[in-house]
Every structure is written in structure tokens, then in C-alpha cells.
Protein chains: 2
Amino acid sequence: MTGKVIAAELKRRGFKLTPQRRAIIEVISHSQEHLTPADIYAKLKSKHSGIGLVTVYRALDVLERSGMLCEVHIGDGCRSYLKRPGGHHHHLVCKGCGKVVDFSDCELDDLEQRVTKETGFRIDRHLLEFLGRCPQCQAGRREKS
Amino acid sequence: MTGKVIAAELKRRGFKLTPQRRAIIEVISHSQEHLTPADIYAKLKSKHSGIGLVTVYRALDVLERSGMLCEVHIGDGCRSYLKRPGGHHHHLVCKGCGKVVDFSDCELDDLEQRVTKETGFRIDRHLLEFLGRCPQCQAGRREKS
DNA sequence: TAATAGATGAAAATCATTTTCAATTAGGCT
DNA sequence: AGCCTAATTGAAAATGATTTTCATCTATTA
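Calculation notes
- Residues numbered from 1 in each chain as written.
- Chains lettered and ligands numbered in written order.
- Predicted model: local features only at pLDDT ≥ 70, side-chain atom pairs only at ≥ 80, totals over all residues.
- Heavy atoms only, no water.
- Contact = heavy atoms within 4.5 Å.
- Buried area = accessible area lost by both parts, 1.4 Å probe.
- Salt bridge = Lys/Arg side-chain N within 4 Å of Asp/Glu carboxyl O.
- Polar contact = N/O pair within 3.5 Å; in protein donor to acceptor, adjacent residues only side chain to side chain.
- Helix = DSSP H or I, 4+ residues; strand = E, 2+ residues; numbered from the N terminus.
- Near = heavy atom within 4 Å.
- Least-squares fit on C-alpha atoms with pLDDT ≥ 70 in both.

(A) Summary view of the interface of chain A and chain B. In this assembly, 36 residues from chain A lie in contact with 36 residues from chain B. Across the chain A/chain B interface, buried area totals approximately 3,200 Å², and carbon plus sulfur atoms make up 64% of it. The largest per-residue losses of area from chain A upon contact with chain B belong to Phe121(A), Leu127(A) and Phe130(A), which jointly make up 20% of the total buried on that side. At the junction of chain A with chain B, the criterion picks out 6 salt bridges. Between Glu107(A) and Arg114(B) there is a salt bridge, and its shortest N-O distance comes to 3.1 Å. Taken together, chain A and chain B are joined by 17 residue pairs in polar contact (both at pLDDT 80 or more). Secondary structure elements with two or more residues in the side of chain A that touches chain B: strand S3 (90-94), strand S4 (100-103), helix H5 (109-119), strand S5 (122-133) and helix H6 (135-139) of chain A.

(B) Just the protein's contact with DNA strand D, in detail. Neighbouring DNA strand D are 20 residues; Thr18(A), Arg21(A), Thr55(A), Arg58(A) and Tyr57(B) lie closest to it. Sugar and phosphate atoms form 71% of the subset of DNA strand D atoms that lie within 4 Å of the protein. Arg21(A) is positioned such that a nitrogen or oxygen atom in its side chain is 2.5 Å from a phosphate oxygen of DNA strand D. At a separation of 2.5 Å, a base nitrogen of DNA strand D approaches a polar side-chain atom of Arg58(A). Mapped onto the surface near DNA strand D, the elements with two or more residues apiece are helix H2 (19-29) and helix H4 (53-65) of chain A together with helix H4 (53-65) of chain B.

(C) Spatial organisation of the relation of the copies chain A and chain B. Note on the identical chains: chain A maps onto chain B by a rotation of 179 degrees and an axial translation of 0.0 Å, with an RMSD of 0.2 Å. Such values leave the two copies arranged in the relation of a two-fold axis. Measuring from the rotation axis to each C-alpha of chain A, the shortest distance belongs to Leu128(A), at 2.2 Å. Looking at chain A, 100% of its interface residues are interface residues in chain B too, so the copies touch through the same face.

This is the structure:
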């Protein structure tokens, strides 16, 4: 997702692309891990000084509502964010280093249909995450940075 | 999960089965919905007066670590709990009334193996939840109680 | 029944998140 | 290029959730 696409999407929703938001998007894009608001704030302070934690919260809200980020639930808890690739996908989270790998072929349609038939629920969406250890963390003892 | 089984499991871990914990387990067992600590506290206050919110937090921690409860992530956010039936299972959450239905045949083994092969991750566990509307909420407009 | 490790409740402390508000700025429009 | 306006920002305060502390109490085991 390039800068132009992001700018266009924000504009379409009446949001502005400020330097602070750019910086936040950059930090998230350059990290392989899922980051909490506090993580992002910490990474920003070392470079872009002057940015406020409140701004990070507000930017995350805007970016998530615009479909540019997604949340990770498993592992450390909630409220941690990732850059979102286009389309439906799921996460594979490493509990050693926190790295997140995406995969998209979840093939839950059959299961969804079966569950729908059994329960009568109309299913809107699903949450699927795997938790494990990445190859590097299986080998050595890398800790979360 | 009967009272005796619960008592035994707590004992095995060095925890005690107090009247407060009994009451908390009872509230959770009798609800079809997932309950936050504050929800549980509110339900308890109307009957078992004198119980503290702190005790609810501590009891939830103990019960979850003993495998008697599980968390629900989708929907209202995190930190809401359910009674746990034995064994591996997943949740189907109604976004109308908050009701949670379990299902156990997730059949993710194939997918797990494929993801393992592609990424080299060793997968420990997964999180799978469906969000939708239950039959009653599709018909009428029942709101969360 | 006594001993004791674990549990409780109230208050205070901590941590995360949201609100308020005055000042600033991005983006659209001349 | 410069103006307008609605959106955004940062600091501080407010709120809300969760944890810690500590003195007291109690469930369990001997």
C-alpha cells in the first residue's frame, strides 16, 4: 500500500494525511511485529520527537477505520496493530520474537456453511490466528525486540 | 464441570475453593453470554453483596489459569469470559444478543500442516471465532441484555 | 483444633485510553 | 500564492480498567 493509495483513501473519507500520520504508518509498515500504541509512540519518540501519544491513538483509530490496519489478538493480548495487506487474510504469530506472517487461504467456507446449518446463525466474519514459533526462534533463543 | 471437579482442579494447583469463587463460577455457568469482570461483579452485587471487584479479577485469573474459563475476543473486545466445556472448541458469537455457542469440529489440522510446511513455524495453538447473528436476532431485534 | 498458606476487601497506586480546549495546519478554493 | 475552514494536534485533565498493598480472615491439612 503506497503513500498515494493511503492518501487517497484517507481523503475519500474526509481525513487528512499529516506528517504525524505518515510517520505512524511508516513505523508500522517497517515492523514485522504487531505494535501497541505505546510501542509505536516509543519508536516515534526516538526520531520524530514532539509527537504525542494521543495522536498515536487517534491515528490508529482513523487508520483502522479506513481499513489500513488490523488487530492481532493472540499472544500479548489485544490492541496491537499491523499493517494490512489487501484482502482477506490471517495471522501467524511467533511467540518468541513477535513476528507476524500472513496467510490468506483459510478455507473456512465449508466449516462456516456447516456451522450455519447446525446453528441457524448468519455468519458475518471470522477471526483466525495461529500462535507458534518461527524457524529462527526454534533454533536459537531470539527474544522479542 | 461439576463443583467437585472444580474443587479438585483448584486444589491440585494449590488454590482454595472459597464461597466467592463458587459464586463467580455459578454466575458464569448460568450465563449464555460472555461476561466482563464488571458484568460479573454487577450480577454478583445484586445477590452476594459484599463481594469486591478485586476478588472478581483475582478469581478470573485463577480460574482461567486452571483452564476453567476461556476468553472471547471478537465483538465487544477482549477480557470477557465464558465457562469452558471440556476439550478443544471454538465460539460462535452473536452480535445482537451476545450469546455464545460452542462448536468443536474445527478441522484445521490440514491447514495447520500446510502453513507449517510453507512457513517453518511450529504451531502451538489457534484462535478461531465466528461472529454473526443468531436465529432470534435475525428474526426480531433482541438487544444484548 | 491449631497452624498456615492462601484469600479477601478497601484504599491507593498504576496503567491505558478518552476528553477537553486552545492553537495549528492540510487541502480545497479563489 | 494566499485565504478559509474543517480537521488535526499536543498538553493537561478526566475517566476507566486493572493491579498492588496491607491488615484481616478463612479453607484446608496435619
